[in-house]
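Reading the structure
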Amino acid sequence: MDFSFLAQQVINGISLGGLYGLIAVGYTLVYGILRLINFAHGDIMMIGCYFAFYGIFMFSLPWWASFLLAVILTAAAGILIDIGAYRPVRNAPRISALITAIGVSFLLENLGLVLFSGRPKAFYRPEFLSEIREIAGVRILDLNIWSFVLTLVLLGVILFIIHDTRTGRAMRCIAYDMETTKLMGVDVNRIIALTFAIGSAAAAAGGIMWAMRYPQINPLMGIIPGLKAFVAAVLGGIGNVTGAMLGGLLLGIIEILLVALRPDMAGYRDAIAFAILILILLFRPTGLMGQKLPD
Amino acid sequence: MKSVKLSVAFVLIALLVASFSGPAFAQAGDAVRIGVFLPMTGGVASYGQMEWAGIQMANRMKPRVLGRPVELILVDEKSDRIEAANAVDRLISRNRVHAIIGTATSSNTMAATPIAEKARIPIISPTATDPRVTQNRKYTFRVCFIDPFQGEVAARFAFNSLKARRAALLIDRAQDYCVDLANFFRNNFTKMGGKIVQTTYCQTGDQDFTAQISAIMATRPDILYLPNYYAEDALICKQAAELGMRIPIMSADGAQAPELIKIGGKAVEGFLLTGHFEKEGAATKLAKQYIRNYEGKFKMEASGFDALGADAYFVLLNAMERAKSVEGPRVRAALAKTRKFEGVSGVINIGEDGNAVKSMVILQVKNGKFRYLATVNP
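Below: a short report on this structure. The model shown is predicted, which means the values in this text are computed figures rather than measured ones.

Re the overall build of chain A
Counting secondary structure elements, chain A contains eleven helices and four strands. Taking 2.2 N^0.38 as the reference for a compact globule, 295 residues should give roughly 19 Å; the C-alpha atoms of chain A span a radius of gyration of 19 Å, in line with that estimate. The C-alpha extent of chain A, read off along each of the three principal axes, is 60 × 50 × 35 Å. A separation threshold of at least 6 residues defines the contact pool for chain A, and within that pool the share at least 24 residues apart is 75%.

Here it is as structure tokens:
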């Protein structure tokens, strides 16, 4: 067990965990503001990947234009889902919204199966991201570096929106007390739609990074990353954006180290991830960055 | 007014009942119903779609049996074993099929056979290769070879042709097929004097294998055996190349899907596998006819999974003809006496145990295509 082996595992863990974190950020954003666990988050990510895929392969757009368009379209899809599915149950008990989210998740998956067919499709990765760097015996894919940078930038942008804009202030107010916020003249529906737009855009960005890293997309691809992102969000303290990022990184590193150090236990990888979820919910339900509300 | 409503309701109920129980009034001269359950969606959708294309092609080439038209009824098992069991239940109780073809994978076939056994409806799997599929079964058959043969051929090839002595295994432990096939490889390879230096696992649907690959590389094997399905294998090869692994990778029939090459790209060049059929190695008259028809209609190259779908259909119809009946027990008896049937994928013999005895091909990916290397006879 030498140093470069361990270092390689940590790098592998960070690159996987960064992706979990990126997806978890959108998850936790919606929860923090609406108290809604958006189980369709992983499926929105899948939709984003297909938008990007069709942009490149059907409309022959350059990859960056296709990715950008995919993020915008997914944000729009997020708004539509909010208007169509969540707005009608906004004042209903929270459990109704949760069940609606599961329904939306199934709807998107099955719609994907009908529209995109169930066979996996190979995803595009720009040539320059496929370069591999070797530093002290540790191999890093350029894509991993860039996706990590993008994750940090996105995190910064989301934190900025929440803390330093009027919209962000309105979001925090809604999280605190929706009724009073409404009385203060804030257009609650518009702010919530915006929240969904940002969350879905982050999901699309995360999905595209995911699909470039693991270049295979299918209509059910969002399920496991969605669940892992949920674990990451809870681990970090659900509702806390920075926590989600940290939770994602931690989960990725734990998973990779477990498999690398105990290859014979590799089959229990998902079980461990979900055991972490149960333990956190039992002993520290507010997660690592434990506050009740998004600060 | 009330009586009008009542009679309308009565008519509606009658129609409903009739639509459900229609097949019960079936008579000779009506269609022979063959139920097909395959993974048309989900993790192994490629298998289902290829096999369904093969079955449809075979149906076009031979649309009648015993003077009756054949009707195919397809149910999607969604790559899920509970759905597979439900699919067979539905085919038997609602569609009242005479025989069933399906499904592509071993675990899902095993989940479904008890229902067909109970109803005494013959069930033929095109590609479930795990030996346990037909064990203690009377009505379950298959038109593919079984995994002990496959594991043995792979081990011999690795040991003799590739001169490998240290092998590593990365096994999808969610699939009976993968776990059992890995064992057959391991037993044969170690018996010949080889050593298994690393055994690690993944699960169907996993996408990140970097940790497993690093752990494998740390033990310095000279071959990696992947007894898994194409989606996992493609991603494993891709990540292995990124992590700098440079040893030969060998797999089995589950890897022979176009997606392996589409997703794997350059990373699967040189990838070896044991498979059912490759058109360059096609020998029978039916195969040539089938390849021409198939490629004309689907504009795709015929390959292992569609050929075996077609064979399941041809073998079943052949048994019905010899039995001169579509009744389950009689078709079953005829199936168990399938001798020297010249199918698409070669000459098929089926024994009382339900297993097919037939030859195997070794393939390699070259320039983005599966290329035929050799045929191995049992």
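There's more to say after this.
Some remarks on the interface of chain B and chain A
If you look at the interface, chain B gives 36 residues, while chain A gives 30 residues. Between chain B and chain A the total buried area reaches about 2,800 Å² when both faces are included, carbon and sulfur atoms providing 54% of it. Counting the surface chain B buries against chain A, the share from its top three residues, B:Gln207, B:Asp208 and B:Glu242, is 22%. Linking chain B with chain A are four salt bridges, by the criterion used here. The partner of B:Glu259 in a salt bridge is A:Arg119, with the nearest N and O atoms 2.8 Å apart. Summed over the shared surface of chain B and chain A, the number is 13 residue pairs in polar contact (both at pLDDT 80 or more). Elements with a contribution of two residues or more to the side of chain B that touches chain A: helix H2 (45–61), strand E8 (195–202), helix H7 (210–218), helix H8 (230–242) and helix H9 (258–264) of chain B. Ranked by the residues each element gives to the side of chain B that touches chain A, the list is headed by H8(B), at seven residues. Of the residues in the side of chain B that touches chain A, the class split is 14 nonpolar, 14 polar and eight charged.

Description of the packing of aromatic side chains
Two descriptors summarise a pair of aromatic rings, namely the distance from one centre to the other and the angle between the planes of the rings. As enumerated under the stated definition, the model contains 25 aromatic pairs over all chains in all. Measuring from centroid to centroid gives 6.5 Å for A:Tyr50 and A:Phe53, while their planes differ by 70°, and the two rings are edge-to-face. Taken together, the residues A:Tyr50 and A:Phe53, both in helix H2 (residues 41–57) and three residues apart, mark about one turn of the helix. According to the relative accessible area criterion, A:Tyr50 is buried, its value standing at 1%. A:Phe53 gets classed as buried once you look at its relative accessible area, which sits at 8%. Here B:Tyr294 and B:Phe298 contribute two aromatic rings whose centre-to-centre distance is 4.9 Å and whose plane-to-plane angle is 45°, an arrangement assigned as tilted. Residue B:Tyr294 and its partner B:Phe298 are both found in helix H10 (residues 285–298); the two are separated by four residues, about one turn of the helix. Against the face of B:Phe159 rests B:Arg165, its NZ or CZ located 3.6 Å from the ring centre.

Topic: the pairing of strand E1 (residues 32–38) of chain B
Residues and elements named next belong to chain B. Taken across its seven residues, E1 has seven buried, putting it largely inside the fold. Burial of the side chains of E1 extends over both faces: Val-32, Ile-34, Val-36 and Leu-38 are buried on one face and Arg-33, Gly-35 and Phe-37 on the other. In this sheet, strand E3 (residues 68–76) lies alongside E1 in parallel orientation, the contact comprising seven bridges. Residue pairing in the sheet places Arg-33 in a bridge with Glu-71 of E3.

Topic: the environment of B:Ala128
Residue and element names in this part refer to chain B. Checked against the element boundaries, Ala-128 lands in the loop between strand E5 (123–125) and strand E6 (140–142). Classification of Ala-128 by relative accessible area gives buried; the value is 0%. Considered as a pair, Ala-128 and Thr-105 are 23 residues apart in the sequence and their alpha carbons are 4.9 Å apart. With residues near it in sequence (within four places) discarded, Ala-128 still touches Thr-103, Ala-104, Thr-105, Ser-106, Thr-109, Val-133, Arg-142 and Cys-144.

Considering the state of the cysteines
In the structure shown here, the tally under the stated rule is zero disulfides over all chains. B:Cys178 forms no disulfide, and the closest cysteine sulfur to it belongs to B:Cys202, at a distance of 7.6 Å.

A look at the pattern of salt bridges
According to the stated counting rule, one finds 22 salt bridges over all chains in the structure shown. Between A:Asp142 and A:Arg133 there is a salt bridge, with its nearest N and O atoms 2.5 Å apart. Exposure remark for A:Asp142: the relative accessible area of 6% places this residue in the buried category. Residue classification places A:Arg133 among the partly exposed positions, given a relative accessible area of 44%. What emerges from the salt-bridge pattern is a single network uniting A:Lys228, A:Glu255, A:Arg269, A:Asp270 and B:Asp208.

Some points on helix H3 (residues 81–93) of chain B
All names here are of chain B. For H3, spanning 13 residues, the distance from its first C-alpha to its last is 18 Å, which sits close to the expected 18 Å at 1.5 Å a residue. Within H3, burial applies to Ala-84, Ala-85, Ala-87, Val-88, Leu-91 and Ile-92. Looking straight down H3, one finds its buried side chains confined to an arc of 155°; they lie on one side. Buried residues along H3 sit in contact with E1, E3, strand E4 (99–102), helix H4 (106–119) and E5. The N-capping residue of H3, defined by a side-chain oxygen 2.8 Å from the backbone nitrogen of Ile-82, is Asp-80.

The rules behind these values
- Residues numbered from 1 in each chain as written.
- Chains lettered and ligands numbered in written order.
- Predicted model: local features only at pLDDT ≥ 70, side-chain atom pairs only at ≥ 80, totals over all residues.
- Heavy atoms only, no water.
- Helix = DSSP H or I, 4+ residues; strand = E, 2+ residues; numbered from the N terminus.
- Rg over C-alpha atoms; globule rule 2.2 N^0.38 Å.
- Contact = heavy atoms within 4.5 Å.
- Buried area = accessible area lost by both parts, 1.4 Å probe.
- Salt bridge = Lys/Arg side-chain N within 4 Å of Asp/Glu carboxyl O.
- Polar contact = N/O pair within 3.5 Å; in protein donor to acceptor, adjacent residues only side chain to side chain.
- Nonpolar A, V, L, I, M, F, W, Y, C, P; charged D, E, K, R; others polar.
- Phe/Tyr/Trp six-rings, centres within 6.5 Å; stacked < 30°, edge-to-face > 60°.
- Buried < 20%, exposed > 50% of the residue type's maximum accessible area, 1.4 Å probe, protein only.
- Lys NZ or Arg CZ within 6 Å of the ring centre and 35° of its normal.
- Pairing = 2+ DSSP bridges.
- Disulfide = S-S within 2.5 Å.
- Expected span 1.5 Å × (residues − 1).
- Arc of directions from axis to C-beta.

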